[in-house]
Amino acid sequence: MALSAPNTSVPDDGRMLLRGFKRLLVLTGAGISAESGVPTFRGGGGAAVWRGMPFESLSSARMVQHDLPLVWEWFDYRRGIVAGCEPNAGHRAIADAQTSMLFDDLTLVTQNIDGLHLAAGSTDLIELHGNIHQARCLSCNFRQGLNEIDPTDRPPVCSECFDSMRPNVVLFGETLDDTLILSAYEKAAICDVCLVVGTSAVVYPANQIPVIAKRNGAVLIEVNPEETDLTPTCDHSIRGTACEILPRLFSSVTNQQHPAP
Ligand code: BV8
Ligand code: ZN
């Protein structure tokens, strides 16, 4: 594991980086689910193109108007992939840090829609871009779990108003739920350390969260096998995968909180 610290002296290895902090914000992207088998969008993850179309045009507001059945085919295809995926050591390290109260405040914000943080046991979670396992009515916003809907019923019909339903995710060109992004921004402004895991930091407005944290004095740590747009802003950029790095980062905090007898 290589540490590249653009502008600060770093401890011998990354594991000590989270010790001594009280308010942690964790922002995750597709990369934290890569080792579970969920393809990422950029960096060769395999979810970038489907049936010759780039994912940004499949996952777009325009495509919902233009071809809702195709949007359902695309999301049913991705849900099929996610169905075979389990949370990994990275998801579990964060969930364990939440349940063992290692920090006075631990805010988990994800750009992912795969539900793997919830499956790992994280409860307090901001899913900025929604959840692939839910449908939402085009008219009345009624939401329903897709496990309650016949998989051949596409587009699903809303049981409240009988209009069509769409995947309950935020698509490109759609605004996020104000309450979610604003609470993520508020937490970013008061955290004392911000840990960014598995995101290329390309997608707005989620990519503003670490910037706000840094601007408000937080230490910014990135975990990613590759450099990203965020790397130059980071205090520490750890070249490694979520499964390699996260258990180590949090284990050193556990020892600090509960030193061996
Ligand atoms: C909005 C749900 C206002 C759907 C998603 C031009 C410039 C700037 C911005 C824009 C622009 N044109 C339009 C915009 C705005 C646009 C945007 O940001 N576009 C980008 C592409 C430039 N944003 C929006 O439209 C947002 N809404 O801005 O509203 C508005 C309204 C109208 C018009 C304009 C503005 C809505 C964005 C939400 C989109 N929905 N998901 C779906 O999933 O299909 S976002 C989608 O990308 C996923 O959720 C994904 O999580 C997210 C971000 O990608 P990453 O998570 O970062 O994943 P990526 O593959 O990129 O990177 C993975 C990383 O992991 C890599 O760095 C890799 O190295 C690393 N990695 C790999 N393996 C591992 C690993 N890391 C650790 N461990 C490993 N093992
Ligand atoms: Zn409805």
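Source: prediction; values computed, not measured.

1. Some points on the sheet that holds strand 9 (residues 165-169)
And then number 1: Sheet architecture is open: three strands sit in the order 8-7-9, paired in antiparallel fashion. Each end of this open sheet is capped by a strand with a single partner; those strands are strand 8 (143-145) and strand 9. Here the strands of the sheet are splayed against their neighbours by 40° on average, with no regard to which way each runs.
And then number 2: Pairing of strand 7 (residues 130-137) with strand 8, which is carried by three bridges, proceeds in the antiparallel orientation. In the sheet register, glutamine 134 faces strand 8, and the bridge partner there is glycine 145.
And then number 3: Contacting strand 7 and strand 9, helix 3 (residues 68-83) crosses the sheet at an angle of about 45° to strand 9.

2. Let's talk about the packing of aromatic side chains
And then number 1: As enumerated under the stated definition, the model contains seven aromatic pairs in all.
And then number 2: Ring centres 5.5 Å apart and planes at 25° place the aromatic pair tryptophan 50 and tyrosine 77 in the stacked group. With tryptophan 50 in strand 3 (residues 49-50) and tyrosine 77 in helix 3, this pair connects stretches of sequence that are 27 residues apart.
And then number 3: Under the relative-accessibility criterion, tyrosine 77 is labelled partly exposed at 37%.
And then number 4: The rings of Trp50, Trp74, Phe75 and Tyr77 are connected pair by pair, giving a single aromatic cluster.

3. Overview of the pairing of strand 7
And then number 1: Burial runs high along strand 7: six of the eight residues are buried.
And then number 2: Where strand 7 meets strand 9, four bridges bridge the pair, whose relative direction is antiparallel. Within the sheet, the bridge partner assigned to arginine 136 lies in strand 9 and is arginine 166.
And then number 3: Between the end of strand 7 and the start of strand 8, which pair antiparallel, lie five residues, with asparagine 141 showing a positive phi angle near 65°.

4. Points about the confidence of the model for the chain
And then number 1: Here the chain averages 91 in pLDDT, and 90% of its residues register 70 or above.
And then number 2: Note on residues 5-12: pLDDT is under 50 here. Beyond four places in sequence and across chains, it has 17 contacts.

5. So, helix 4 (residues 89-99)
And then number 1: All of the buried residues in helix 4 are Gly90, His91, Ala93, Ile94, Ala95, Ala97 and Gln98.
And then number 2: For helix 4, the side-chain oxygen to backbone nitrogen distance between the N-cap and glycine 90 is 2.7 Å, and the N-cap itself is asparagine 88.
And then number 3: With its phi angle positive at about 50°, methionine 101 sits one or two positions after the end of helix 4.

6. Some points on the pattern of salt bridges
And then number 1: All told, the structure shown has seven salt bridges when counted by the stated rule.
And then number 2: In this structure, arginine 154 engages aspartate 76 in a salt bridge whose closest nitrogen and oxygen atoms are separated by 2.7 Å. Here arginine 154 is found in the loop between strand 8 and strand 9, whereas its partner aspartate 76 is found in helix 3, with 78 residues between them in sequence.
And then number 3: The exposure class of arginine 154 is partly exposed, given its relative accessible area of 22%.
And then number 4: When its relative accessible area of 23% is taken as the criterion, aspartate 76 is described as partly exposed.
And then number 5: Residue lysine 214 is joined to aspartate 235 by a salt bridge in which the shortest nitrogen-to-oxygen separation is 2.9 Å. Of this pair, lysine 214 sits in helix 7 (residues 209-215) while aspartate 235 sits in the loop between strand 11 (219-223) and strand 12 (236-239), placing them 21 residues apart in sequence.
And then number 6: The exposure class assigned to lysine 214 is partly exposed, which follows from its relative accessible area of 26%.
And then number 7: Using a relative accessible area of 8% as the deciding quantity, one classes aspartate 235 as buried.

About the cut-offs
- Residues numbered from 1 in each chain as written.
- Chains lettered and ligands numbered in written order.
- Predicted model: local features only at pLDDT ≥ 70, side-chain atom pairs only at ≥ 80, totals over all residues.
- Heavy atoms only, no water.
- Pairing = 2+ DSSP bridges.
- Helix = DSSP H or I, 4+ residues; strand = E, 2+ residues; numbered from the N terminus.
- Axes fitted to C-alpha atoms, helices over the stretch in contact; angles between N-to-C directions.
- Contact = heavy atoms within 4.5 Å.
- Phe/Tyr/Trp six-rings, centres within 6.5 Å; stacked < 30°, edge-to-face > 60°.
- Buried < 20%, exposed > 50% of the residue type's maximum accessible area, 1.4 Å probe, protein only.
- pLDDT = per-residue confidence, 0-100.
- Polar contact = N/O pair within 3.5 Å; in protein donor to acceptor, adjacent residues only side chain to side chain.
- Salt bridge = Lys/Arg side-chain N within 4 Å of Asp/Glu carboxyl O.

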